[in-house]
Amino acid sequence: MKPLRATALAVTALTAGVMSTSANADYLYGFSNVQLNFMDWTNSTENKTEQRDFAYLRVEGGSGFSWGELYGFVDVKNPTKSTR
């Protein structure tokens, strides 16, 4: 299974679980955001390791209910890089 498809499946399952669990709880608050970031390693780090600069997409969100809080995020690193 491709990583992005597996990620989408996990997010869908988590959302369904939260919705069914929260049906009997009081919703208090929620938030979500999408970020496009760029990891810029220092020259020293790049020289000592195989790390290289890269872009990544982050989707995160959270909710508060009467029973507690839920938070999660998904990072997609190097979205344009081929896995082959």
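Parameters at a glance
Residues numbered from 1 in each chain as written. Predicted model: local features only at pLDDT ≥ 70, side-chain atom pairs only at ≥ 80, totals over all residues. Heavy atoms only, no water. Phe/Tyr/Trp six-rings, centres within 6.5 Å; stacked < 30°, edge-to-face > 60°. Buried < 20%, exposed > 50% of the residue type's maximum accessible area, 1.4 Å probe, protein only. Lys NZ or Arg CZ within 6 Å of the ring centre and 35° of its normal. Pairing = 2+ DSSP bridges. Helix = DSSP H or I, 4+ residues; strand = E, 2+ residues; numbered from the N terminus. Axes fitted to C-alpha atoms, helices over the stretch in contact; angles between N-to-C directions. Contact = heavy atoms within 4.5 Å. Polar contact = N/O pair within 3.5 Å; in protein donor to acceptor, adjacent residues only side chain to side chain. pLDDT = per-residue confidence, 0-100.

K.L.:
Let's hear about the packing of aromatic side chains: which residues, and what values?
P.N.:
Enumeration over the complete set of coordinates arrives at five aromatic pairs. With a centroid separation of 5.2 Å and 5 degrees between ring planes, the pair formed by Phe 65 and Trp 67 is classed as stacked. For Phe 65, a relative accessible area of 6% puts it in the buried group. Ring plane angle 45 degrees and centroid distance 6.2 Å describe the contact between Tyr 71 and Phe 73, whose orientation is recorded as tilted. Relative accessible area serves as the criterion here: at 44%, Phe 73 is assigned to the partly exposed category. An aromatic cluster is built from Tyr 27, Phe 65 and Trp 67, whose rings are joined through pairwise contacts. Lying over the aromatic face of Phe 73, Arg 58 brings its terminal NZ or CZ to 4.3 Å of the ring centre.

K.L.:
Account for the sheet that holds strand 2 (residues 54–65), with residues named and values stated.
P.N.:
Spatial ordering of the open sheet is given by 1-2-3, a layout of three strands whose pairing is antiparallel. Edge positions in the sheet fall to strand 1 (27–39) and strand 3 (68–77), since each of these pairs with one other strand and no more. Recorded for the sheet is a direction-independent mean angle of 10 degrees between the axes of neighbouring strands. Sheet topology places strand 1 next to strand 2; 12 bridges connect them, and they run antiparallel. Bridge assignment links Val 34 to a residue of strand 2, and that residue is Val 59.

K.L.:
Requested: an account of the environment of Asp 53, with residues and values cited.
P.N.:
Note that Asp 53 resides in the loop between helix 2 (43–48) and strand 2. Along the sequence, Asp 53 and Met 39 sit 14 residues apart, while their C-alpha atoms lie 5.4 Å from each other. Filtering out sequence-adjacent residues up to four positions away, Asp 53 remains in contact with Phe 38, Met 39, Asp 40, Trp 41 and Glu 46. A distance of 2.8 Å separates a polar atom in the side chain of Asp 53 from the backbone nitrogen of Trp 41.

K.L.:
Describe the confidence of the model for the chain, with residues and values.
P.N.:
Reading fine detail from the predicted coordinates is not recommended where pLDDT is low. Per-residue confidence for the chain gives a mean pLDDT of 77, with 64% of residues at or over 70. Highest mean pLDDT in the chain belongs to strand 1 (91); lowest belongs to helix 1 (residues 3–22) (58).

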